[in-house]
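Okay, here's what each chain looks like letter by letter:
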Amino acid sequence: MTPAEAKKRIEHLTQQVNYHNDLYYQKHRTEISDFEFDRLLAELENLEKQFPNLRQPDSPTQRVGGTITKEFESVTHQYPMLSLGNTYSEEELRDFDGRVAKGLAGAAYEYFCELKFDGVSISLIYEDGLLTKAITRGDGVRGDNVVANARTIRSLPLRVSAKNRSARFEVRGEVFLPKKEFDRLNKELEDVGEETYANARNTASGTLKLQDSTEVARRKLDCFAYYLLGENLDIDTHEEAIHQIEKWGFQVSPTYRKCQNIDEVLTYIHHWEKRRSDLPLETDGVVIKVNSLAQQQQLGFTAKSPRWAIAYKYKAESIATRLNGVTYQVGRTGAVTPVAELEPVFLAGTTVKRASLHNANEIARLDLRIGDFVFVEKGGEIIPKVTAVDLDRRPPNLRPLQYTRTCPECGTTLVREEGEAAYYCPNTTGCPPQIKGRIEHFIQRKAMDIDSLGEKTIDQLFALGLVKTPADLYDLKKEDLLKLDGFKDKSASNILAGIAESRKVPFEAVLFAIGIRYVGKTVAEKLARHFASMEKLQTATLEQLLEAPEVGEKIAQSVVQFFQDRRNREEVARLRKAGLHLEVEQRVAPVSQVLGNKSFVISGVFRNYEREQLQDLILANGGRVLSSVSGKLDYLLAGENMGPAKREKAEKLGVRIISEEDFERLLKG
Ligand code: IVH
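Residues numbered from 1 in each chain as written. Predicted model: local features only at pLDDT ≥ 70, side-chain atom pairs only at ≥ 80, totals over all residues. Heavy atoms only, no water.

Trainee: Sorry, what's going on with the packing of helix H3 (residues 90-103) against helix H9 (residues 262-275) here?
Mentor: How two helices pack is summed up by the angle between their axes together with the distance between the axes. Relative orientation of the contacting elements H3 and H9 amounts to 145°, with a least axis distance of 11 Å. You can see that H3 and H9 cross each other, and the crossing is right-handed. For the pair H3 and H9, the contacting residues are Glu90, Leu93, Arg94 and Asp97 in the first and Ile262, Asp263, Val265, Leu266 and Ile269 in the second. In terms of residue class, the contact of H3 with H9 is made up of five nonpolar, no polar and four charged. (Axes fitted to C-alpha atoms, helices over the stretch in contact; angles between N-to-C directions. Helix = DSSP H or I, 4+ residues; strand = E, 2+ residues; numbered from the N terminus. Left-handed = near helix turned anticlockwise from the far one by under 90°. Contact = heavy atoms within 4.5 Å. Nonpolar A, V, L, I, M, F, W, Y, C, P; charged D, E, K, R; others polar.)

Structure representation (structure tokens):
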């Protein structure tokens, strides 16, 4: 493809992706499937990789991340980010209304009500229509510029091309993690034996500060805009500002309402108090703003907050009920989770019978006793939590709860690892939920994707002693399956076909499927790419593992430990024999041989490339990528922040150290 052709294609793809993005996020409609959308985006990404100087600053490929920010730039807010005064009662709200009326000396005024979204506030700066900065609140005066991460939020326009926009403007809004995403992330963490996040707000805040925007993109943050700032905006009311930013393509929650007086405001407050649990994100109150901008100015600010706005906070939805017992669940990794068994009670739209107790520390903190009345709260999460004990209602003679010492499923004495809150059942090979959990993990969609098998079939296969480890699945015969309840020739063939088909899934999926603790989908992808084969991964030292992207001490240790266990090595050997992919397929079709089989180690951070792009370029041009420096290595491709030990070693061994620019020259041949 010539640069001119590429330019045309890039423009076309950009327009298409933007069109479908806008349709999906602003108009909530779709015209193409996710698959087709991903294909457009992937083609665009590929072209931009080949022709880096054709990448537009507002290219939609930035939505998928790919930037590493080592340190966020600290920026002074042009308009300080103030907080709002809080009220919790109707009386206080009426006092606020009195102050507004007095401040406006009898003039008529209106209010504009919005929900108070419980996330992280962000200030989005647009210069000449382009999103150039996204600044966190910080201390209100200075914040961090997290723009690479903000660009991954699909509902934020990267460019506003409307004619009536001013040269520079600022849109403020709340970045949040939708409840559904929060639950999905926690399931993923649970799945690899990691501690789960406590709440959506903190997770959103932590996510926005991650250095790797690819991980941010994966977490699917979202944003509601609620404030427009700038000079010469040509608007008179907050309502007009909201309509303006909606038209410019920002996502505004449709829950706002203009109110003529404080009684209408109260009606709005009561309306949403009942319905807010149905919303896709957490809300903790209502923000009431004087609508006219001239009147806002007239009322002005105190040192901390505007006099023209206030937040009415809802009390957390909480109810007391009796704790009838505590049961314990054992997960795939052996982690034991206590669950409160409650006297059923109606709370925020559903009947609650069980609530999470997190871990033993939490039980001790609450000083929980069976028979206690406990407060149950529904935060943003779907699973309710026990937040406190109503000590006034504690019946006499209740004894402190003894946390179970043994596994409720297999009776083995539990262990607790240093520094961890959870107790574990160490009987990995004999404890039924752990065995079944590993098989369920193995067959799930993201792993081997054997959807002809379900939890019930696995229960039966396990009960009949036919399947104890994932590799046993590949030894199943039709006669085995015909022993299962209700299974006929067709259903048995179906399962066998599903198992046979799973032999085709790529190495990274197999690596995720075998269930190494802390190796989730993303880490499995990185490890697969880095080591290229199970064999190399299996024999990697701790040091070599630490060289892989995104692998820290905890993951590296866990991988080493996994392969130290003879049973795991045997299982992997059986999977190999069963014909699973234990090596990456050559993903990159060679385009040239200019690098002539020379070997490279990539280290550090690069200006124009992601590490993976460099890897692809080397492979596509006939080179090889190694993970550690040795005398046989041809080139050490050094970016910024490369570890000094590596450089020293390369220098000692006489390995050529080259820069990004040297590498580009090599590619030109
Ligand atoms: S307006 C000067 N509107 O609440 C007034 N804030 O304590 C600017 N928030 O830091 C804020 N939803 O993060 C406004 N609809 C909404 C909001 C909202 C949530 C947050 C915001 C701010 C805090 C105020």
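Trainee: Explain the site of the ligand here, please?
Mentor: Around the ligand, the surrounding shell consists of Ser83, Leu84, Glu114, Leu115, Lys116, Phe117, Ser121, Glu174, Tyr226, Val287, Lys289 and Pro306. Leu84 places a polar main-chain atom, nitrogen or oxygen, 3.2 Å from an oxygen atom of the ligand. Contacts to the ligand include Glu174, whose side-chain N or O atom sits 2.6 Å from an oxygen atom. Along the lines of polarity and charge, the residues of the shell around the ligand split into six nonpolar, two polar and four charged. (Near = heavy atom within 4 Å. Polar contact = N/O pair within 3.5 Å; in protein donor to acceptor, adjacent residues only side chain to side chain.)

Trainee: Explanation requested: the packing of aromatic side chains in the structure shown.
Mentor: Applying the stated criterion to the full structure yields 17 aromatic pairs. Taking 5.5 Å as the distance between ring centres and 75° as the angle between the ring planes, the aromatic pair formed by Tyr109 and Tyr111 counts as edge-to-face. A single burial state applies to Tyr109 and to Tyr111, both of which are buried. Ring centres of Phe169 and Trp248 lie 4.7 Å apart, and the angle between their planes is 45°; this geometry places the pair in the tilted category. On the criterion of sequence distance, the pair formed by Phe169 in strand S7 (residues 168-176) and Trp248 in the loop between helix H8 (238-247) and strand S9 (257-259) is long-range, its members being 79 residues apart. One exposure class covers both Phe169 and Trp248, and it is buried. (Phe/Tyr/Trp six-rings, centres within 6.5 Å; stacked < 30°, edge-to-face > 60°. Buried < 20%, exposed > 50% of the residue type's maximum accessible area, 1.4 Å probe, protein only.)

Trainee: How should the sheet that holds strand S19 (residues 599-603) be read in this particular structure?
Mentor: Strand-to-strand pairing in sheets goes through backbone hydrogen bonds, with the strands running parallel or antiparallel. Reading across from one edge, S20-S19-S21-S22 is the order of the four strands in this open sheet, with parallel pairing throughout. With partners counted over all chains shown, the strands left at the sheet margins are strand S20 (624-626) and strand S22 (656-658), one partner each. Sheet twist, expressed as the mean angle between neighbouring strand axes with direction ignored, is 35°. In this sheet, S20 lies alongside S19 in parallel orientation, the contact comprising three bridges. The residue bridging Ser599 from the neighbouring strand is Arg624, located in S20. Sheet strands touched by helix H22 (residues 611-620): S19, S20 and strand S21 (635-638). Its angle to S19, the strand with the most contacts, is close to 170°. In the packing of helix H23 (residues 644-653) onto the sheet, contacts are made with S19, S21 and S22, and the angle to S21 comes to roughly 150°. (Pairing = 2+ DSSP bridges.)

Trainee: It is not clear to me how the sheet that holds strand S11 (residues 309-313) should be interpreted in this structure. Could you clarify?
Mentor: The five strands are arranged S2-S11-S10-S3-S9 in an open sheet whose pairing can be described as mixed. Every other strand in the sheet has two partners, leaving strand S2 (86-87) and S9 as the edge strands with one partner each. Direction of pairing for strand S3 (residues 111-117) relative to S9: antiparallel, over a ladder of three bridges. In the sheet register, Tyr111 faces S9, and the bridge partner there is Cys259. Along the sheet face, H3 touches S2, S3, strand S10 (283-290) and S11 and points at about 175° away from the line of S11. The strands that H9 touches are S3, S9, S10 and S11; relative to S3, the one it contacts most, it runs at about 25°.

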